[in-house]
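Observations on the model geometry
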Amino acid sequence: MRKSQGMSVPDSQQYPSLGDYALIGDCHSAALISRAGSIDWCCLPRFDSDSVFGRLLDWEQGGYFEVRPDVHCTSKREYLPGTLMLVTHYRSRAGEARVVDFFAMREGGRHRPRRELVRMIEGVRGRMRFDVRILPRFDFGEVRPWIHRNGHGTHVAVGGNTGLLFLGDMNLVSAGEHALCAEVEVTRGERRHVAVQFVAPQALDSELAKPEEQAQLAAHYKETHAWWQAWAARLHYPPQAGTGVVRSAMVLKALTYAPTGAIVAAPTTSLPEKVGGQRNWDYRYSWVRDSVFTVRALSALGLEAEATAFGQFIMRSAAGNADDLQVIYAVDGKRRVQEFALEQLQGWRSSRPVRIGNAAAKQFQADIYGLILELSWRWSERDRGVSDAGWRFLVELVERAIARWREPDRGIWEVRSRPRHFVHSKVMCWSAIARGIALAERQGLDAPLARWRRERDLLRATIERRGVDHRRGVFVRSFGTSELDASLLLLPSVQFVAYEDERMRRTAAAIHRELSADGMVVRYRSEDGLKGREGAFIACTFWLAECFARQGRKRDARQLFARAERCASDLGLFSEEYDPRQRELLGNYPQGLTHLSHISAALALNATAATRLGVPAHRSATGAGAGAASVLR
């Protein structure tokens, strides 16, 4: 046994598997709740803020918020249908109860969020008692906040630039200066609530902290339930695709930062791609690439507002200037996301360093130009025009793609070794030029089309000469090599090559053969500047499943799809990677790229049904398909 912040915890219970965690969120921030009923990760007031509960990254110092029965019992958990509200059912000989966890949502919450995390205990049968223990730790565990009662008799925690207000009808008592606890008993039909609100420290004694708010928590439950169900009702998808598509869509929605339209790659930092390794990154920022893929996936399900909001976010963040565009932004559009290590933190299962910020923000990744042009093209397909200012920005992006496609870059995987001439990056530069030409032609916009066409054709010829292993007839990872890369599976998604093209068929087959590990797909097997190996990349497995589906290899596609789906937690949440041998999720969690790839593959496997709903069968959630490739060449 080891002592952990006032509780004796068996070693076997420390650092649960990532799949043990559930996600709740309010499109501003998020929390991860373990199967044992402990909130072990939560950053407030934003995804990229410092943690207020961070035991996920340091069991001893990180802090947590626990609600658990005081007797042995069985449990099961699920999300309330059509919501991201977690309900955990507990059953013992003496009784039954359930705990409902959610971030409070409301109409207008984009600019007026409640910033309120609610935990509700409800009796179902007999009697059950619960122990509640709250140990907030601010600034990634470095600050033990001062917990006391404010002028309204409500407990508050304050430290540095962070303040928390604790509300509810539980009798919380101090457990020393830095913790709160309560014992709660419920009978059938009885409810008890406890909530945490983020409040600026200077406001903790103001009108914002009045205890009258306590009476509203039950109403917030109903309001949140209605909000999520109304959002889910907007989804349009073929029923054959399965309810997992809805869950993935909800995860993507939860990763959206409502005030700006930014979409974070994941709500966590430094969850490792290999346990004990150094492949640990901060994903609590908005990647242009992942975000473009996300809005495509949501658009394929009929959610256009999210696509529009993200497009506006990119325009604002880049200041409409292609030279100022970068691959990562903070959720408010801030450009500086410098990377540094928190040396004092143990890391999940001793995986260090724990990183804050991400140095990839300053990398040159050439695919970024094509990503934004692709998104603009998809808007135009829905009869959305391009403004004069927007077109000037897109023209600059095309010109930057033309000027820089001859340069090596760090690629889609953000390698930390030397830059290379990655084929995927070259194809995305080609896509930027091709989409620019198509937009100008479709909407009668002014552009140097003759020069753009020459550059487009030259780039295609270069890729087809240097980016293909002509002996095997397959596309390769980078110029001058015979190595493969799972990103090649995306080439048809931007209409560079048809899914049915023989080179693409051979490429997909070669990836299946050479990059497979226990039925899953790894990204590549090449040197990337970091020590150690990583797990199988779940999104890449979905990419191959989609590729096979669109090539008519439905049986192989369904096998791969089923294998990737089995990597999900019991709640349908995916991480970035998976260790097939240990049967364990790895990497930041839940991962947006995996969930959007899940949606895309599911729609590809049900293309006929998708067509009946108005989603073209050749179109995917990660790309625009191959149907018009000849028009754009």
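Residues numbered from 1 in each chain as written. Predicted model: local features only at pLDDT ≥ 70, side-chain atom pairs only at ≥ 80, totals over all residues. Heavy atoms only, no water.

For the rest of this paragraph, the subject is the overall build of the protein. Helices and strands together make up the secondary structure of the protein, namely 14 helices and 30 strands. In terms of overall dimensions, the protein is globule-like: its C-alpha atoms have a radius of gyration of 25 Å, near the 26 Å expected for 633 residues. Along the first, second and third principal axes, the C-alpha atoms of the protein reach 75 × 50 × 50 Å. Expressed as a percentage of the 633 residues in the protein, the buried residues total 63%. Counted over contacts in the protein with a minimum sequence separation of 6, partners at least 24 positions apart contribute 68%. Surface summary for the protein: the accessible area is close to 23,100 Å², and the carbon and sulfur share equals 47%. Computed over 89 positive and 73 negative side-chain charges, the inter-centroid distance for the protein is 4 Å. (Helix = DSSP H or I, 4+ residues; strand = E, 2+ residues; numbered from the N terminus. Rg over C-alpha atoms; globule rule 2.2 N^0.38 Å. Buried < 20%, exposed > 50% of the residue type's maximum accessible area, 1.4 Å probe, protein only. Contact = heavy atoms within 4.5 Å. Areas by Shrake-Rupley, 256 points an atom, 1.4 Å probe, with all protein chains shown as cover. Lys, Arg positive; Asp, Glu negative; His and termini not counted. Charge placed at Lys NZ, Arg CZ, Asp CG, Glu CD.)

Read from one edge of the open sheet, three strands run β28-β29-β30, paired in antiparallel fashion. Of all the strands in the sheet, just β28 (536-537) and β30 (584-586) have a single pairing partner and so form its edges. Taken together, the two bridges between β28 and strand β29 (residues 577-579) define a ladder with antiparallel strand orientation. Pairing of Ala536 across the sheet is with Tyr578, part of β29. (Pairing = 2+ DSSP bridges.)

Of note, Arg553 is situated in the loop between α10 (538-550) and α11 (554-565). With 52 residues separating them along the chain, Arg553 and Leu605 place their C-alpha atoms 10.0 Å apart. Not counting residues up to four positions away in its chain, the partners in contact with Arg553 are Ala509, His512 and Phe548.

Should pLDDT be low for a region, the predicted coordinates there are not to be read in detail. In this model, the protein carries an average pLDDT of 89, and 91% of its residues clear a pLDDT of 70 or more. Here residues 1-12 is a poorly scored stretch, pLDDT under 50, and it has 32 contacts once near neighbours within four places are set aside; other chains count. Taken as a whole, residues 608-633 scores under 50 in pLDDT and shows 77 contacts with residues more than four places along the chain or in a different chain. (pLDDT = per-residue confidence, 0-100.)

Attention now moves to the pattern of salt bridges. Inspection of every chain in the model, using the stated rule, returns 45 salt bridges. Two residues, Glu185 and Arg127, come together in a salt bridge whose shortest N-O distance is 2.9 Å. One end of the pair, Glu185, is in strand β16 (residues 180-187); the other, Arg127, is in strand β11 (residues 116-135), and 58 residues separate them in sequence. (Salt bridge = Lys/Arg side-chain N within 4 Å of Asp/Glu carboxyl O.)

Relative to the 18 Å expected for 13 residues at 1.5 Å per residue, α10 spans 19 Å between its end C-alpha atoms, a close match to the ideal helical length. Across the 13 residues that make up α10, a large majority, 13, are buried. Downstream of α10 by one or two residues, Gly552 has phi in the positive range, about 85 degrees. (Expected span 1.5 Å × (residues − 1).)

In strand β3 (residues 22-25), alternate side chains face the same way, and those of Ala22 and Ile24 on one face and Leu23 and Gly25 on the other are all buried. Here β3 runs beside strand β4 (residues 30-33); their pairing, made up of four bridges, is antiparallel. Bridge assignment links Ile24 to a residue of β4, and that residue is Ala31. Hairpin connection, β3 to β4: the antiparallel pair is bridged by four residues, and Cys27 has positive phi, about 65 degrees.

Moving on, we come to the packing of aromatic side chains. A complete count under the given rule lists 16 aromatic pairs for this structure. On the numbers, 5.9 Å between centres and 40 degrees between planes, the contact of Phe53 with Phe65 is tilted. Here Phe53, found in strand β6 (residues 51-53), pairs with Phe65, found in strand β7 (residues 64-69); they are 12 residues apart in sequence, far enough to count as distant. In terms of burial, Phe53 and Phe65 fall into one category: buried. These aromatic residues form a ring-pair network of at least three members: Trp227, Trp228 and Trp231. Arg477 extends its terminal NZ or CZ atom over the ring of Tyr524, reaching a point 4.2 Å from the ring centre. (Phe/Tyr/Trp six-rings, centres within 6.5 Å; stacked < 30°, edge-to-face > 60°. Lys NZ or Arg CZ within 6 Å of the ring centre and 35° of its normal.)

So, about the environment of Pro408. Within the secondary structure, Pro408 is located in the loop between α6 (388-404) and α7 (423-443). Residue Pro408 is classed as partly exposed on the basis of its relative accessible area, which comes to 34%. Between the C-alpha atom of Pro408 and that of Arg114, which follows or precedes it by 294 residues, the distance is 46 Å. Setting aside chain neighbours within four positions, we find Pro408 in contact with Phe364, Pro419, Arg420 and His421.

What follows covers the packing of helix α5 (residues 367-381) against α6. Running from N to C, α5 and α6 cross one another at 145 degrees; their axes reach a closest spacing of 9 Å. Considering only the axes of α5 and α6, their crossing is left-handed. Here α5 contributes Tyr369, Ile372, Leu373 and Ser376 to the contact with α6, which in turn contributes Phe393, Leu394, Leu397, Val398, Arg400, Ala401 and Arg404. When its residues are assigned to classes, the contact of α5 with α6 shows eight nonpolar, one polar and two charged. (Axes fitted to C-alpha atoms, helices over the stretch in contact; angles between N-to-C directions. Left-handed = near helix turned anticlockwise from the far one by under 90°. Nonpolar A, V, L, I, M, F, W, Y, C, P; charged D, E, K, R; others polar.)

A word on unusual backbone geometry. Between Leu44 and Pro45 the backbone carries a cis peptide bond, its omega angle lying at 5 degrees. In this chain, Arg352 is followed by Pro353 through a cis amide linkage whose omega measures 10 degrees. Relative to the helices and strands, Pro353 is located in the loop between β22 (340-341) and β23 (355-356). Unusually for a residue other than glycine, Tyr15 sits at a positive phi of about 50 degrees. In this fold, Tyr15 is placed in the loop between β2 (7-9) and β3.

Attention now moves to α5. The first and last C-alpha atoms of α5 sit 21 Å apart over 15 residues, in line with the 21 Å expected at 1.5 Å per residue. Within α5, 13 of the 15 residues are buried, which leaves the element mostly enclosed by the surrounding structure.

Attention now goes to the pairing of β7. In terms of burial, β7 is largely enclosed, as five of its six residues are buried. In the sheet, strand β5 (residues 38-43) pairs with β7 via two bridges, with the strands oriented antiparallel. Across the sheet, Ser38 pairs through a bridge with Glu66, a residue of β7. Relative to β11, β7 runs antiparallel, the two being bridged by six bridges. Looking across to β11, one finds that Phe65 is bridged to Ile134.

This next bit is on the nonpolar core. Among the nonpolar cores identified, the biggest contains 220 residues, and Trp391 and Trp452 are the most heavily contacted of them. Here this core takes 12 residues from α7, the largest share from any one element. Excluding anything up to four places from it in sequence, Trp391 contacts Val386, Gly436, Leu439, Ala440, Leu445, Asp446, Ala447 and Trp452. (Core = buried A, V, L, I, M, F, W, Y, C linked by side-chain atoms within 4.5 Å.)

Applying the stated criterion to the full structure yields zero disulfides. Looking at Cys540, it has no disulfide partner, and the nearest cysteine sulfur is the one in Cys547, 12 Å off. The class of Cys540 is buried, set by a relative accessible area of 0%. (Disulfide = S-S within 2.5 Å.)

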